[in-house]
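Chains, contacts and geometry: an overview
For reference, the chains in residue letters:
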Amino acid sequence: QISWTLLLVLGYLFYLLLGTMVFQLLEKQAETHFRDQFQLEKLKFLQNYTCLDRQALEQFVQVLMEAWEKGINPEGNSTNPSNWDFSNSFFFAGTVVTTIGCGNLSPSTVAGQIFCVFYALFGVPLNLAYLNQLGKGLNAHLITLERWVQKPGRAEVQLAMFLTTGTLLFLVFPPLVFSYVEGWSYGEGFYFTFITLSTIGFGDYVVGTNPNKHYIPVYRSLTVIWNVFGLAWLALVFNVGADLMEKFLQLKWHKPDLSLAEGPTTKLEDEPEQPRIHIPS
């Protein structure tokens, strides 16, 4: 058991270090280029508008940064739709309870910040309970489907159907919609879709924030509904991935116990104790 735990810890640290090196290799040079380009644009701006000095320009940039941090898009004018109308507030409430936290919008008043803390305190457990119940329903459907498909390798069939259907509904088709509505490329839409459903939520891509586009009132609300069901599906996918990875590593690290080889197969004939998808050995 100690060896297995040590292997898992070392593998986890190695994966973090691998991501660190790859992200640094891919992003650091691009960041330097964008920083130099931004400084060059500021110099050109000062040359074109000689009535301004560098200090005045830096103060204006600071005003823009503060506006962006408070969720106000510097583009456009005062006729831009409010960030706190019903649809946007519903979207924000969804990002709080699902722990996505897009990062482009947050309460600016003390009362709003205090309410957000208590709202999340009760909302996050409620969301977890809801996702758990939804996961039980999906798992029960998968068990029923597996019993219906009376063929050799039926577990692989139902798992493939589950992954294929969910991938189409939550990862393949939504980027097409986001690309059309937001003007993103398909790759950007897919990136936003996965980052959102996995609750990573960087906030670099957020739906319904372009002041030059006119969105239907329920656009962001529909996004929240898609998000909730997609979260449940992707959580089950991550659960399957964790089971597969754990089983693979244990088979590599420990000798299999032949006396327990038929245990998982016979258990499928009864009602499962936990909402977990069966992974065929």
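Parameters at a glance
- Residues numbered from 1 in each chain as written.
- Predicted model: local features only at pLDDT ≥ 70, side-chain atom pairs only at ≥ 80, totals over all residues.
- Heavy atoms only, no water.
- UniProt positions renumbered as here; feature names shortened; annotations may be inferred.
- Helix = DSSP H or I, 4+ residues; strand = E, 2+ residues; numbered from the N terminus.
- Core = buried A, V, L, I, M, F, W, Y, C linked by side-chain atoms within 4.5 Å.
- Buried < 20%, exposed > 50% of the residue type's maximum accessible area, 1.4 Å probe, protein only.
- Contact = heavy atoms within 4.5 Å.
- 1 Å grid on protein atoms, 1.4 Å probe; cavity = no way out; pocket = protein on both sides within 12 Å on 5 of 7 lines; lining within 4 Å.
- Points joined across faces, edges and corners; volume = space filled by probe spheres on them.
- Nonpolar A, V, L, I, M, F, W, Y, C, P; charged D, E, K, R; others polar.
- Patch = residues over 30% accessible without salt bridge, like charges linked within 9 Å, V, L, I, M, F, W, Y side chains within 5 Å.
- Areas by Shrake-Rupley, 256 points an atom, 1.4 Å probe, with all protein chains shown as cover.
- Salt bridge = Lys/Arg side-chain N within 4 Å of Asp/Glu carboxyl O.
- Phe/Tyr/Trp six-rings, centres within 6.5 Å; stacked < 30°, edge-to-face > 60°.
- Expected span 1.5 Å × (residues − 1).

A closer look at the UniProt feature "transmembrane region" (unreviewed entry) in the protein chain
Residues annotated by UniProt as "transmembrane region" (unreviewed entry) correspond here to residues 6-26, 157-177, 189-207 and 219-242. Within residues 6-26, the helical portion is 100% and the strand portion 0%, while the C-alpha atoms at the span's ends are 30 Å from each other. The span residues 219-242 shows a helical share of 100% and a strand share of 0%, and its end C-alpha atoms are spaced 34 Å apart.

Section: the nonpolar core
With 20 residues, the main nonpolar core has F91, F178, L197, V207 and W233 as its most contacted residues. Sorting the residues of this core by element identifies α5 (154-182), α6 (186-197) and α7 (219-253) as the ones contributing at least two each. With eight residues, α7 is the largest single contributor of residues to this core. When neighbours within four sequence positions are excluded, F91 is seen to be in contact with C102, V206, V207, R220, T223 and V224.

Things to note about empty space enclosed by the protein
Empty space among the atoms becomes apparent when a probe as large as a water molecule is rolled across them. Counting across every chain of the model gives three cavities of 30 Å³ or more. Empty space within the largest cavity amounts to approximately 60 Å³. If you trace the largest cavity, you find it lined by I100, C102, Y191, F192, I195, T196, G201, F202, G203, D204 and Y205. Among the residues making up the lining of the largest cavity, the classes are represented as seven nonpolar, three polar and one charged.

Description of a nonpolar patch on the surface
Where nonpolar side chains cluster on the molecular surface, the patch consists of L168, L169, F173, L176, Y186, F190, Y191, F194, I200, F202 and F238 and spans about 1000 Å² of accessible area. Contributing elements (two or more residues each) for the nonpolar patch: α5 and α6. Positionally, Y186 belongs in helix α6.

A word on unusual backbone geometry
Its identity as a non-glycine residue notwithstanding, T99 has a phi of 60°, on the positive side. With respect to the helices and strands, T99 occurs in the loop between α3 (86-97) and α4 (110-148). Unlike most non-glycine residues, T199 shows phi in positive territory, near 60°. Residue position: T199 is located in the loop between α6 and α7.

Observations regarding the layout of surface pockets
Considering only enclosed or pocket space, the second largest pocket measures out at about 660 Å³ in volume. At the level of elements, α3 and α7 are the ones that each hand at least two residues to the lining of the second largest pocket. Among the residues forming the lining of the second largest pocket, the class breakdown is eleven nonpolar, 14 polar and five charged.

Describing the packing of aromatic side chains
Counted by the stated rule, this structure contains 13 aromatic pairs. Ring geometry for W84 and F92: centres 5.1 Å apart, planes at 75°, overall edge-to-face. Judged by its relative accessible area of 41%, W84 falls in the partly exposed class. Overall, the relative accessible area of 14% leaves F92 in the buried class. Centre to centre, the rings of F194 and F238 are 6.4 Å apart; their planes meet at 85°, and the pair counts as edge-to-face. Separated by 44 residues along the polypeptide, F194 in helix α6 and F238 in helix α7 bring together distant segments of the chain. Classification of F194 by relative accessible area gives partly exposed; the value is 31%. Residue class for F238 comes out partly exposed when judged on its relative accessible area of 43%. Three or more aromatic residues joined by ring pairs make a cluster, and in this case those are F178, W184, Y191, F192, Y205 and W226.

Side note on the pattern of salt bridges
What the rule picks out here adds up to two salt bridges. Between R35 and E31 there is a salt bridge, and its shortest N-O distance comes to 3.1 Å. Of the two residues, R35 and E31 both sit in helix α1 (residues 2-48), four residues apart, roughly one turn of that helix. Classification of R35 by relative accessible area gives partly exposed; the value is 43%. For E58, the salt bridge is made with K42, and the minimal N-O distance between the two is 2.6 Å. With E58 in helix α2 (residues 54-69) and K42 in helix α1, this pair connects stretches of sequence that are 16 residues apart.

A few points about α6
Taking 1.5 Å of rise per residue, the twelve residues of α6 would be expected to cover 16 Å, and the 16 Å separating its terminal C-alpha atoms lies within 8% of that figure. Within α6, burial applies to G189, F192, T193, I195, T196 and L197. A positive phi of about 60° marks T199, the residue just after α6.

A short note on α3
The first and last C-alpha atoms of α3 sit 17 Å apart over twelve residues, in line with the 16 Å expected at 1.5 Å per residue. Restricting attention to buried positions, one finds in α3 the residues S87, N88, F91, F92, G94, T95, V96 and V97. Residue T99 follows α3 closely and has a positive phi angle near 60°.

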